[in-house]
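Notes for the structure review
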Amino acid sequence: MDRSFSIRGFGTVVTGTLISGSVAVGDEVEVLPSGLRARVRGLEVFGDSCREATSGQRTAVNLHGLEPAAILRGDILAPPGVFVPTRLLDVKLETIEGEEGVDNLASVRFHHLATEVMGRLRLSGTRRLEPGASGFAQIRLSRMVAALPGDRFILRRPSPAATLGGGVILDHLPRKLRAPDAAALERRLASLESPDSTVRLREFIRGAGRAGADLPALRGRSGWQFDALLAALSPLLRAGSVMQVPGEPPRYLDSSLFEASLEEMVKLVETFHRSQPLQVGLPKGELRSRLFRREPAEVFRFFLDEAARRKRLRVELDRVALAGHRVELQGEEAGASMRIEETYRKAGLNPPEMEEIMAQMSLSRSKLESIYFLLLKQGRLIRIKEGRVFHAEALEALKRKVWEYRGTSEVMDVSTFKDLSGTTRKNAIPLLEHLDAIRVTRRDGNLRRIMPPPSS
């Protein structure tokens, strides 16, 4: 936008050239970079009122909900929530033949559309661009601007005023350039400079990291319309260089980055197995916090599913293990496991506390705890309400007793259940709540109604 003013009876009016897309009366729009929103009350194209304006037309927009002072020269109207303002730009810069060239870290005046803002230039891989030369650079601006890849710009010297050169914006949401990253930056920006839209799109997807990006994010990253994005995505998906992560909406992930991340996952699980040989696997929550803390849940699920499909990893409840990993106890550890399990089996529905069992064994507490949790993971021992632990066979036998009792009565109280199970009240209540949870019984006031067995 190059002007904003107020007309009596109409309110705020802004003028400018529509760069792309269209705008219609009634549309909600966002003013960038401020993020303020307004609604289009009316439109004029070359002085004539209309309902819609399209790309390339010189347009006056009557806005409802904003004062003229809230809009600055160089601001842009855009669909709400699509584009992200920035202060950092990766660019391809060309200096003017016959001028003085430009030095690294030079202060410059950045001109983009109707915007003029001060900035500092950081050259990539060189300390100076001579007159008539070209190269990649990063510009840090003194305030936010609304700019997109493909936009042209001009650089001028602040004082004395002189035009130094100009170029094209390659990335409006880059990482901060650091000296060791120069080679990688050159490769990345060479891809973003490519005339092939699929090459540029893959670089945007790669830049999104292991989180990937959905179509709305890619639109905001590239400035392209959805049909152009889909056209560029199609060959990448067919070639396998980009993967689609299921979701609403789906996300797109760079395949080479996926492979590297998958190897990182596998190595992390391998390291865990070496350090914790008695554990079934690495807790799923720990794996996510180590590698996927900032990524959406559907991306983490996608990695796990793909790792399992390729038989690299397997998921057991809340643990992740190598596909071929099996915990094999030997010697004292195998003996301790058998003793713990047998103690619970013989105790039936009145088991001792694990502390009592540990006190009678010679292995270290940490090893005994690992064996104990392994038995829980394997399902030989089962933890129910209030942390009570029983042997799986004891709980199966209890279910059969309850279903057999159903032939006498379809309801029972706590006292009847204690007599039936032979357990104490301390265990009776958690056991009844466990039976409720697995739908063997259903609480009905102070009674339990016994549900039919699955085969009935």
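Quick note: structure is the one above.
Brief notes about the sheet that holds strand 28 (residues 447–450)
Spatially, 26-28-27 is the arrangement adopted by the three strands of the open sheet, whose pairing is antiparallel. Of all strands in the sheet, those bounded by a partner on one side alone are strand 26 (411–412) and strand 27 (441–444). With two bridges connecting them, strand 26 and strand 28 associate as antiparallel partners. Residue pairing for strand 28: Met412 is matched across the bridge by Arg448.

What about the side chain of Asp90?
Tracing the backbone shows Asp90 in strand 10 (residues 86–95). Asp90 gets classed as buried once you look at its relative accessible area, which sits at 0%. A polar atom in the side chain of Asp90 sits 2.7 Å from the side chain of Gln138. Residue contacts for Asp90: discarding those within four places in its chain leaves Ala137, Gln138, Ile169, Leu170, Asp171, Pro174, Leu185, Arg188 and Leu189.

As for the nonpolar core
In terms of nonpolar packing, the biggest core is built from 24 residues, with Leu253, Phe258, Met265, Leu287, Phe303 and Leu313 touching the most fellow members. Of all the elements in the fold, those that place two or more residues in this core are strand 19 (242–245), helix 5 (255–275), helix 6 (284–291), helix 7 (297–309) and strand 23 (319–322). With eight residues, helix 5 is the single largest residue contributor to this core. Beyond its immediate stretch of four places on either side in the chain, Phe303 contacts Arg210, Leu253, Phe258, Ser261, Leu262, Met265 and Phe292. Judged by nonpolar contacts, the second largest core, of 20 residues, contains Ala106, Leu123, Ile139 and Phe153.

What to know about the sheet that holds strand 20 (residues 251–254)
Reading across the sheet, the three strands line up as 18-20-19 and stay open at both edges, with antiparallel pairing between neighbours. Here the strands that pair on one side only, and so sit at the sheet edges, are strand 18 (213–214) and strand 19. In the sheet, strand 18 pairs with strand 20 via two bridges, with the strands oriented antiparallel. Within strand 20, the position partnered with Ala213 by the bridge is Tyr252. Packing against the sheet, helix 4 (residues 226–239) makes contact with strand 19 and strand 20, and its axis sits at approximately 100° to strand 19.

Looking at the packing of helix 2 (residues 197–207) against helix 4
Where helix 2 contacts helix 4, the axes come no closer than 9 Å and their chain directions differ by 85°. Taken together, the axes of helix 2 and helix 4 are roughly perpendicular relative to one another. Taken together, the residues of helix 4 that come into contact with helix 2 (itself represented by Ser197, Thr198, Leu201, Arg202 and Ile205) are Leu229, Ala232, Leu233, Pro235 and Leu236. Here the residues of the contact of helix 2 with helix 4 are counted per class, giving seven nonpolar, two polar and one charged.

Criteria and cut-off values
- Residues numbered from 1 in each chain as written.
- Predicted model: local features only at pLDDT ≥ 70, side-chain atom pairs only at ≥ 80, totals over all residues.
- Heavy atoms only, no water.
- Pairing = 2+ DSSP bridges.
- Helix = DSSP H or I, 4+ residues; strand = E, 2+ residues; numbered from the N terminus.
- Buried < 20%, exposed > 50% of the residue type's maximum accessible area, 1.4 Å probe, protein only.
- Polar contact = N/O pair within 3.5 Å; in protein donor to acceptor, adjacent residues only side chain to side chain.
- Contact = heavy atoms within 4.5 Å.
- Core = buried A, V, L, I, M, F, W, Y, C linked by side-chain atoms within 4.5 Å.
- Axes fitted to C-alpha atoms, helices over the stretch in contact; angles between N-to-C directions.
- Parallel < 35°, antiparallel > 145°, perpendicular 65-115°, else oblique.
- Nonpolar A, V, L, I, M, F, W, Y, C, P; charged D, E, K, R; others polar.

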